[in-house]
Amino acid sequence: MTSVKPILKIDNMSKTYPNGVRALDNISLNIPAGMYGLLGPNGAGKSTLMRILATIQEPDSGTISFQDVDVLKEKNELRKTLGYLPQAFGIYKKVSAEKLLHHFVILKGIESKSERRETVEALLKQTNLWDVRKQKLGGFSGGMKQRFGVAVALIGTPKLMIVDEPTAGLDPAERVRFLNLLSELGENSAVILSTHIVEDVSELCTNMAIINKGEILMEAVPLKAMENLRGLIWRRTVDKTHLSDYELKYEIISTKLLAGQTVIHIYSEENPGDDFKPVEPDLEDVYFSAMNGVIGKYANVRKEVKP
Amino acid sequence: MKFWEIFRFEFNYQLSRPVVWACFLLILSLQFLIVITLTDNVTDGKYFLNSPVVLGLLVGIGSLFGLLLAASSSGNAAVRDIQNNIDPLFKTLAIKKRTYLGGRFIALLAIHSIILLGGIIVLAIASQIPIIAHYFASNNLLGYLQAYFIFGLPNIFIFTGIIFSVCVIFRKGAIAFLVAVLLFFIAQFTMEIIAGEFGDWDTGKRYDLTGMTILRELSMKNASGEMKNDLIPMTSELILNRFSWMGLSALLLFVAYSRFNFKYISGRKKSKKQKFINTTERTKFWHTVVSAPVVVRKFDKKTTQAQFFELIKSSYMAMLRNMAWLILVLMVIVLGIWSSEIFEGQLGVPMIASSFKVIELFSLPPVKIILAVVLTFYSGEVIWKDRDAGISNILNATPIKNWVLAFSKFGSLFLLMVSIQLFFLISAIGIQLLNENTNIDLILMFQVFFGFQFIDLLLFIVLAFAIHVLINHKFLGHILVITAFILMNFPYLFGLYHKLLIFGAAPEWTYTQMSGFAPNLTSWLWFKFYWLLWGIVLLGIAKLSWVRVDVESFKSRVYSSLKAFKPSLLSIILATLLCTVGGFIFYNTNVLNNYRTEDEKLALKAAYEKKYAAFRNTNQPDLRRIFIEAEIFPETEEMEITGKYLLFNNSSEAIDSLHISVTGDNDELTFLSNDRLSELVNDRDLGYRIYRFQPALKPDDSIEIEFVQQFRNNGFSNTGKNSAIVKNGTYFGFQNLPWIGYHPSKELTDSIDRANFNLNPQPVLNSVFDEKARLHFKNKIDFEAILGTSNGQTAITAGELQREWKDKGRNYFHYKTEAPITHNFEILSAEYKILKGKSKDVEIEIYHHPSHTANLDRYMEGIKEALRYFSKHYGQYPHDVIRMVEFPSNGIMLNGNPVTMSYSEGFSNFWPEADPRKFDFPFAIMGHEVAHQWWGDQLSPAPVEGGGLLTESLAWFSSWMLIEEFYGKEHLENLLEIMRQEYLTPRPLAGVPLIRSVDHFSVFRRGPFALYTLKEFLGREKMMAALNNLIIKFGPEKAALPTSLDLYAELQTVTPDSLQGLVQDLFYENVFWEFDINDVKIDEKAKNWMVSLDIESHKFSADEKGKIKKLPLNEYVEIALYANSSEYEFGEQIYLKRYHLDAENQKIEIVVPVKPDGVAIDPRRLFSDRDLKLNSFLLGK
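Residues numbered from 1 in each chain as written. Chains lettered and ligands numbered in written order. Predicted model: local features only at pLDDT ≥ 70, side-chain atom pairs only at ≥ 80, totals over all residues.

1. So, the nonpolar core
Grouped together as the largest cluster of nonpolar side chains are 344 residues, with contacts concentrated most on A:Ile192, B:Ile163 and B:Ala180. Looking at which element gives the most residues to this core, the answer is helix H19 (residues 442-471) of chain B, with 17 residues. Per-domain counts for this core show at least three residues from each of domain 1 (8-221) and domain 2 (226-301) of chain A. The residues touching B:Ile163, leaving out its near neighbours within four places in the chain, are B:Ala70, B:Ala71, B:Ser74, B:Ala176, B:Val179 and B:Ala180. Listed in part, the 18 residues of the second largest apolar core include B:Phe1075, B:Ile1095, B:Tyr1122 and B:Phe1130. (Core = buried A, V, L, I, M, F, W, Y, C linked by C-beta atoms within 7 Å. Buried ≥ 20, exposed ≤ 12 C-beta atoms within 10 Å, placed from the backbone. Helix = DSSP H or I, 4+ residues; strand = E, 2+ residues; numbered from the N terminus. Domains from an automatic or database assignment. Contact = placed C-beta atoms within 7 Å.)

2. Some thoughts on the domain arrangement of chain A
All names here are of chain A. Here chain A is described as being made up of domain 1 (8-221) and domain 2 (226-301). The centre of domain 1, based on its C-alpha atoms, is set 33 Å off from the matching centre of domain 2. Listed by partner, the interface residues are ten residues for domain 1 and ten residues for domain 2. Mapped onto the side of domain 1 that touches domain 2, the elements with two or more residues apiece are helix H7 (198-204), strand S9 (207-212) and strand S10 (215-220). Top element by residues in the side of domain 1 that touches domain 2 is S10. It accounts for four residues.

3. Focus on the interface of chain B and chain A
You'll often see interface size given as the accessible area lost when the parts meet. Listed by partner, the interface residues are 42 residues for chain B and 47 residues for chain A. Put simply, the parts of the chain that give the side of chain B that touches chain A at least two residues each are helix H12 (272-283), helix H13 (301-321) and helix H17 (392-396) of chain B. If one sorts the elements of the side of chain B that touches chain A by residue count, H13(B) sits on top with eight residues. Tallied by class, the residues present in the side of chain B that touches chain A amount to 18 nonpolar, 13 polar and eleven charged. (Nonpolar A, V, L, I, M, F, W, Y, C, P; charged D, E, K, R; others polar.)

4. Thoughts on the sheet that holds strand S12 (residues 251-258) of chain A
Residue and element names in this part refer to chain A. Overall, antiparallel pairing links the four strands, which are arranged S12-S13-S11-S14 in an open sheet. The open sheet terminates on both sides in strands that have one partner only, identified here as S12 and strand S14 (277-278). As paired strands, strand S11 (residues 233-238) and S14 are joined by two bridges and run antiparallel to one another. Bridge pairing in S14 places Arg 235 opposite Lys 277. Helix-sheet contacts for helix H10 (residues 283-291) involve S11, S12 and strand S13 (261-267), and the interaxial angle to S12 is about 135°. (Pairing = 2+ DSSP bridges. Axes fitted to C-alpha atoms, helices over the stretch in contact; angles between N-to-C directions.)

5. Re the pairing of S10(A)
Residue and element names in this part refer to chain A. Of all the six residues making up S10, five are buried; the element is thus mostly covered by neighbouring parts of the structure. Of the pairings in the sheet, the one linking S9 to S10 comprises five bridges and is antiparallel in character. Residue pairing across strands places Ile 210 opposite Met 218, the latter belonging to S10. Adjacent in sequence and paired antiparallel, S9 and S10 are bridged by two residues, among which Lys 213 carries a positive phi angle near 45°.

6. Re helix H10 (residues 236-259) of chain B
All names here are of chain B. Under the 1.5 Å per step criterion, the end-to-end length of H10 is 34 Å for 24 residues, consistent within 8% with the ideal 34 Å. Those residues of H10 that fall on the buried side of the exposure criterion are Asn 241, Arg 242, Trp 245, Ser 249, Leu 253 and Ala 256. In this structure, the buried residues of H10 make contact with helix H6 (141-170) and helix H8 (201-207). (Expected span 1.5 Å × (residues − 1).)

As structure tokens, then:
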């Protein structure tokens, strides 16, 4: 674990929806300054966690403390320094970007008129919306809207940023620009980025957690996690028809297609032979290993079960 | 297949929405309420609950309120995909748009059709339940089918089609609600305004949206059960109406269909300009490394304030961007256009647009409903705006306090309300100027728009806001707010009467120029204060349950708001205040005053009758003389009356007991001790007393009894205060004084109520042929009064003024009648100005409010001429003075009491100069009231059927004769033409002859018109002679009371044999004529023009049950020819002659020297003809 003092501490948090879905199951996390990736598949409970952190949802149990503030009791204290970019959000279609941003600038507590104006201008320039500031938001493209959301989240240089699946709807070029923008943020505050795209985390985050079915499978520093897997991941190309044989023999952590051929990655502590070649592990291997219970929370459990 | 799938999905989807079920329940319960109210009509024998007309009504009203459902589901179905961002899926499915739209539309129709079926199925099942079976006839399947296929399905198609199309065309769901409101008003407009208010039933039926106007007409024609079993007549106009609206709906659907494009369901149309920006932006790289300035954020009071006002501003601006307020602008424009028409008084005579009249426009029920709907809509929008836009996630995570979020929303709603009221105030000024009145009472307007109405609206938006916050479901919230609105306006539907239990209720405030806001202002303020306190509670609840974090269930929200509640000083103060104010009000309504529920009041009336009706015919002495001393204290709204009644035994038997009915507060009446009277019964609850005469009052013996009675308000009651005695404008009727004997007017009148209390049907008036009834002889009284009132006021009552003096700063007046009068007087006191005049030896005095001077000269002339003319024909007016005194009330009321007549303030607002039809309405009314000095005061009819013929009918007829003499025939014909318009209101054939009539129409219209028709045949002199004979025989100091038969006899006496049949038809039978011109030919003949007419005539009579009997024809009917007619109107009359018609089909040839272009039979409508369609023709060019 990182030695840095956590900014945000989540303890024993659980949340069950009325339809019985257990979205969060006794989660505890320590989140330090810098970019923090929350990686998990769809439906893992990421958004629930993010919404709770953004103070717009109530957990059933557990505590959150943010720099000694009990967030669940004093939501407004966190809100005072919170930037939140939800997974999906809307805008008032008939209002211009500048006006709506100005609206939020006031709501976020920037009082003096000149500071407001400066803030709006700087944020619009930073998010490259300055040229379209007079445009009604209804006419914005998905990317522009997303950047507008970032601008709102950035108001007042928040100490905590919650960014929920921000790159989902962006094209590759926009995504790159967007991640650049986020990385700048990470310099001064804690940024929690939830995503199901491994690259988002590997490119940006200094810390991460992998979450699935409401549980934290693993908390790690990406570079260290990859290092830990060195020499344990092997790959080979297989014929699709024989895949099931391999499944029985090896601990397959991922299967993917590469130029029409099936490539499998396996976890093995010794050289499996059989045409397997060692791989320099990337974060994807960490992710899939954790998801498959090879490493992380269920790693020991699995080993014991194995005959 | 795809169609079927879309249909099936939509059908199930809609059924899964709670709103649909809520609407279903609402419709069912409304239908149930209607059925309950209709049971009265069933007991009266007018209908069965499953009569085809009733079924039509039920289905029609069901469909009308189905508008709510149509709005909710059409709005949803039309734009759901856009809202849910599911549209791309549909775009790519390769469905034809007719499948997509058609499937959904037909699914909606199917749901609505099924829901509408519910009510009548329940009714059909109910008809089989034995205990209530007597409310039903045997079920006629055709009746059910007719209701469903003429009123049900077409209405559904019309409503759903129009709303669905508009939503699709504008790609907006919110518009559905507004279109529904608009349709509702079109539906109401044809029935209530065009048909009801303006009496234009033909137009009303033509544009009738729901078929309800047609049904209404049918029910008005059906007074005595002719339509009990009949199917609804399938007239061509009904069918045309149904198809034209359905056509409009289909047309709109077609437009929606052709404008619909899958590209558009996404709702995103990109303009070229934006595309351009997108492309340039793409090529640009983000190398701008600008970081936002590091600003210090402060979260102090100033920030909170800034946030609060920013949120108010943004949400207010959003409301303005949502154009629903345009409805209000539109409404004001409509009000402005119709205002002069709405301001018209009786007979369409224009009225001065006083500021208060203009203000009243803004509290007309439709205006109130529209305003409520708009505010409901906005209160939903304001709460849902952020969530609908999807921005609430971000917003809720900003550092804003909960109360700032919640109250800023409310603040913007409040601001909107202020804007609306300001807009109304400015519009009111505009409308007043538009109606050519520059005398604008700005203070009054401000008092109402920013006082009375303001508080009412404020309470309403508080409630709407709180409901929307609590319910947290937009459409369900709307429905609940509307339900609350209905509850607040019609609480008795829910069995609520006490105003402490009805949100926002207070005793009604009134305003008149004479008495200002008296007498209910104080109680109004107390009640509103009480409700404003509750309003604060509601706002507190709204704040506590403000939805900021996602919560799943209503239960958990209640739990978390309870948890969030911390008793603060404010809440303690609020609770204490609520208890104190509520307690104070309760002390006033229930301790100081006797609060009784409606049921208790009915029970008391029933008990009065059960207990004392036995004394109905107990022999009682006659009142011969009344002497009262009344001290009026306008400042304290009190009066003390000391009265003396001289009672005389006019019968042949000794009377041993005196019965007194008390109409006011029994406890405030004391009879002074009298040696000959001892109290036997003093029933405080029922207001009945019996005293024993000791010794008994022998025939021709008399006794004077003396009493003291206080009139004052103890605090205020649930309905406010008694308005008889106010600061300026005391108006007190003799009915409030002790009444000798059993008082039938205290009985229950409603037949259902009577049945509920096991009372027999109320005895009808005695038959006109009942000779004994005319011996119920009450002699006239001598009347004397000393009235004291405050300095500056004049107190007036009947009689000649004897003396006038001041004592201890108060004014005193002594009145005494020189000749006996009927027992009918009023006491009035106010700051009056007096206009004096003279007609021969009679002083004329008009007491009026100083600013009401517009028509005084007309009153004076009317009274003067009437006295002159009637004295000449009916005998000398018996008093030395005649007065007309104004009293406070905005309604139009006049009383032709002996000596001192009275008129309401509303009457002062007539503006005959602005009437293009040119007739002197105030003059005519004065003629009518002065005529009552003879017809009613000198000659009072026996208490039997047809009595009104001797009072109201003769008063109108006399007034007409006066007008004819004074202003000439043309002036009179103008007036009659207008008065005849009431004949256009649909009414049943069934009825009794005039000599037995008691209803308003017969007495005020049919009667005088029958007299007028006869006068056209006999001439004025003969008629006046007949009336003179009547008054000589039955006038003052005569023993027996006259009936309509005596008038009939006098008329027969002056009528020649050839016209005796006509007199009988007009008065003794219920006869109708029908004259039609079936064909007209015009030929030129030797420089002259020959007109050949084919005339078809019928005559028949109808009895009370509506049974029709054909009668032989033997009539003299006028035929008129016209020349120089315009396209719409007859020109000058060039020919008028009476023809004898004695066959059903007759040819008539007329030769005239000028080419006629118009022809009419019975042009002056001397005969009662129900269908005027073929009576006159414009022959055209």
